[in-house]
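Notes for the structure review
Next come the chains, spelled out residue by residue.
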Amino acid sequence: MFPPEVAADSPLLQHLNPEQRAAVTLPNEHALILAGAGSGKTRVLTTRIAWLLATGQIGPGNVLAVTFTNKAAKEMMTRLQAMLPVNVRGMWIGTFHGLCNRFLRAHYKLAALPQSFQILDTQDQLSAIKRLMKQHNVDEERFPAKETQWYIAGAKEEGLRPNMMETRTEEDRRKAEIYQLYEEQCQREGVVDFAELMLRSYEVLRDIDPIREHYRRRFHHILIDEFQDTNKLQYAWIKMFAGSGNSVFAVGDDDQSIYAFRGARVGNMADFVREFDVRHQIKLEQNYRSFSNILDSANALIAHNKTRLGKNLRTDQGPGEPVRVYEAPTDMAEAQWMVEEIRQLVRDGTPRHEVAVLYRSNAQSRVIETSLFNAAVPYRVYGGLRFFERAEIKHALSYLRLLENPHDDTSFLRVVNFPARGIGARSVEQLQDAARAASCSLHDAVHATTGKAGANLAAFVQKIDAMRAETEGLTLREIIEVMLQRSGLVDHYKAERDGGDRIENLEELVNAAESFVTQEGFGRDAVALPVDELGTTLRQSPASQGLDPSLPEINEPSPDYVPPDAETGETLSPLAAFLTHAALESGDNQAQAGQDAVQLMTVHAAKGLEFDCVFVTGLEEGLFPSERSLADYDGLEEERRLMYVAITRARQRLYLSYSQTRLLHGQTRYNVKSRFFDELPEAALKWLTPKNQNFGGSAFGFGMGYPSSRPSGYSGGYGKGDTFASPPVPQQKATPDHGLRPGMQVFHAKFGEGTVLTLEGSGMDARAQINFPRHGQKWLALSVAKLTPVP
DNA sequence: CTCCCCATTTTTTTT
DNA sequence: AAATGGGGAG
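Remember, it's a predicted structure, so these values are computed and weren't measured experimentally. (Residues numbered from 1 in each chain as written. Chains lettered and ligands numbered in written order. Predicted model: local features only at pLDDT ≥ 70, side-chain atom pairs only at ≥ 80, totals over all residues. Heavy atoms only, no water.)

Quick word on the nonpolar core
Counting 50 residues, the largest nonpolar core has F460 and I480 as the members making the most contacts within it. Residue contacts for F460: discarding those within four places in its chain leaves Y399, L402, F412, V415, V416, R421 and I423. If you look at the next biggest cluster of nonpolar residues, it comprises 43 residues, including F117, F227, V248 and F276. (Core = buried A, V, L, I, M, F, W, Y, C linked by side-chain atoms within 4.5 Å. Buried < 20%, exposed > 50% of the residue type's maximum accessible area, 1.4 Å probe, protein only. Contact = heavy atoms within 4.5 Å.)

And the structure:
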């Protein structure tokens, strides 16, 4: 082991600025790195690990690195792998939940879980709660299942068990009681929810001294990404690992804390500094992403927040282009303008995937999609259903889970009558009664049922059991293929009108399993890693750690590798491992990846990403900031941070737009521009409206003058014979009877000749937006204004 | 058991 | 406007 100074010129440190280098080479003490947007946060984190390994200070087994998302974990491993010939697979790098899963599999006995416990995702949890409440006659009016779910998850994230819940009112007592029953049900069925993964691990660490001590001896360095997003339980969990002699390296940005609504506590940063007596705080303020007009806007905006640790981004890049601001009369016009702008960007050479359209809420994507679609601009929407959350996939997974564990009642109920096999609510109810009476699983209770219903149930159970026998010893791929056929899922979807997509997804499931087997090494050459007395994997002896080039190359990092049982060497079946993988990593959102497409997503989803050109849309009071956040001050500050995140996504060009009116919940809402505009530096902005409209020459305003491929022009619906059937095509109202069309020349007594831009409303409410060359753009009520068409 | 109609409800999301 | 969920009818 050599002192850090010796390696000060290490190639690892070459491309780091002084602050980054300082962070990477910090001594073994607790540290907080305040990493602004685009300041090279991931790079510092990964290089820190590489540095610790390369200088021989520690071995791969001594690192615990935690992230929130699988994507971040994977990226960390891939980058680390690129820096050092180290086996990242044996290292504890992963998501909070992934690592907890690994921990619980290793210590499943101490955690009082079956080795092959399965994980309930949010959907599963909700249906488990509904089932439980029904069974115990809980009034769903008084205790909606969703709220109960929220209550339970919230409690667990605070580290609270049912007996620790507040029971001052009758209602509190009832809720705690339901929570208790839920816990018992999960335990009985051998399943855990996401929060339980964390809480259970935490409790094992807290209560079992040798385990805690073992891990404390082992993990010399604990690194946490996105620390500002940790909740109370996650922070407590980290504290369990941080014994004397260990150092916690927390990286975060309080200005990018946008998940308070789901329990994240920015306060953890201050608590960490206080409780760990953190002496090393490093701010990474050098931004490598954006030009200064963009950064100045971000800085000026976020300066309006009162509760900040304080940080200001700077860049060496010049001012760059101004931030462009656009005001549209309607949400459709906003979208139309944006599409035109995007087409121009693409013509000027910007790749489409470098253009992002951000919005506050998912509902806003529809109008934008329509415009993009009508203009035939390829786009990709992030968000919505993920692969493993699709109904047909969940059904398939339920069958697979029943093969693995027949007592998984959630899965049992999901597929007992899917595809339909004559087992209705009544039969299921009877079965549930029988199961409760005998306090056994639904599967085991089937014997007790009688009659025609009983026969159907028996046939179902028999089918599952036969399937289990039949798939014995088969590969994962074969198991899934057999299941798809025997369950009747494929036949069912084949018979369905538009079941084609679903069949495709089911086939995709086979592929997913196949690549899972290859990646995880669950196939032929699965090698059990050596295991120490406590069941944790030890990669190599300390002497050989770190730089051994003879280590085998690993093709793909594996975020959810689980060690085999310490005593028996028993390891998870590929099937059980795959099911865990499916629950922990719900898969990509939408297919059609690879295509060069404009990226549409919420601001939340954009966190951590960057693009050459970014459109932030719908910047209106009530929408962004959202009206639900305006009630309290913290809410507004979080919205502002959200806006900060949005702005800092842009590298070169940033557009901010809003609309005077917007169709929301089927009603036109009139909005004022967002207060955030008042918080941006005027010098960095360029208003495209109203002063600077580009109507000259073409005589067409926004949206007009469409390419000949789409003759219908703006207000798309006026075009007849629309052949673009599938994606979202909004319903357009019938042509109003005032006889005006966008693009028409009209004459007004006072304003003279002008061009009709937009038409709104009908009958007495009909309005037109008209551009008069000498008077600018006007909105006129058609019932009042006297307009004559100019031939 | 299935189908259809009516009523309700709309932030943000990862694991 | 649209999607979801529950209840009632066939």
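Here the narrative resumes, following the displayed structure.
Side note on the UniProt feature "binding site: ATP" (unreviewed entry) in chain A
In this structure's numbering, the residues bearing the UniProt feature "binding site: ATP" (unreviewed entry) are A35, G36, A37, G38, S39, G40, K41 and T42. With respect to the element layout, G38 can be found in the loop between strand 1 (31-35) and helix 2 (41-54). With sequence-adjacent residues up to four places away left out, G38 is seen in contact with Q286, N287, Y288 and R289. Take G40: it is sitting in the loop between strand 1 and helix 2. Taking relative accessible area as the criterion, G40 reaches 21% and is therefore assigned partly exposed. (UniProt positions renumbered as here; feature names shortened; annotations may be inferred. Helix = DSSP H or I, 4+ residues; strand = E, 2+ residues; numbered from the N terminus.)

What to know about the packing of aromatic side chains
For the structure shown, the criterion picks out 27 aromatic pairs. Consider the rings of Y658 and F677, whose centres lie 5.1 Å apart with planes at 55°: the pair is tilted. Separated by 19 residues along the polypeptide, Y658 in strand 14 (residues 650-664) and F677 in the loop between strand 15 (667-670) and strand 16 (685-687) bring together distant segments of the chain. Here Y658 and F677 have matching classes, each one buried. Three or more aromatic residues link up through ring pairs in this structure, and these residues are F68, W92, F96, F103, Y215, F219, W237 and F241. Between the NZ or CZ atom of R102 and the centre of the ring of W92, over which it lies, the distance is 5.1 Å. Between the NZ or CZ atom of R262 and the centre of the ring of Y259, over which it lies, the distance is 3.7 Å. (Phe/Tyr/Trp six-rings, centres within 6.5 Å; stacked < 30°, edge-to-face > 60°. Lys NZ or Arg CZ within 6 Å of the ring centre and 35° of its normal.)

Let's talk about the pairing of strand 2 (residues 63-67)
Extensive coverage of strand 2 is indicated by the burial of 5 of its 5 residues. Along strand 2, one buried face is formed by V63, A65 and T67 and the opposite face, lined by L64 and V66, is buried too. As paired elements, strand 2 and strand 6 (residues 221-224) share 4 bridges and run parallel to each other. The partner of A65 across the bridge, within strand 6, is L223. (Pairing = 2+ DSSP bridges.)

Considerations on the protein's contact with DNA strand C
Neighbouring DNA strand C are R366, H665 and G666. Within 4 Å of the protein, the contacting atoms of DNA strand C are 30% sugar and phosphate, with bases supplying the remainder. (Near = heavy atom within 4 Å.)

Quick look at the protein's contact with DNA strand B
Taken together, 26 residues sit near DNA strand B, with R360, R386, I423, G424 and T602 positioned nearest. Side-chain polar atom of T122 to a base oxygen of DNA strand B: 2.7 Å apart, as the coordinates give it. Within the backbone of I423, one N or O atom sits 2.6 Å away from a phosphate oxygen of DNA strand B. Classifying every residue of the surface near DNA strand B gives 8 nonpolar, 13 polar and 5 charged. (Polar contact = N/O pair within 3.5 Å; in protein donor to acceptor, adjacent residues only side chain to side chain. Nonpolar A, V, L, I, M, F, W, Y, C, P; charged D, E, K, R; others polar.)

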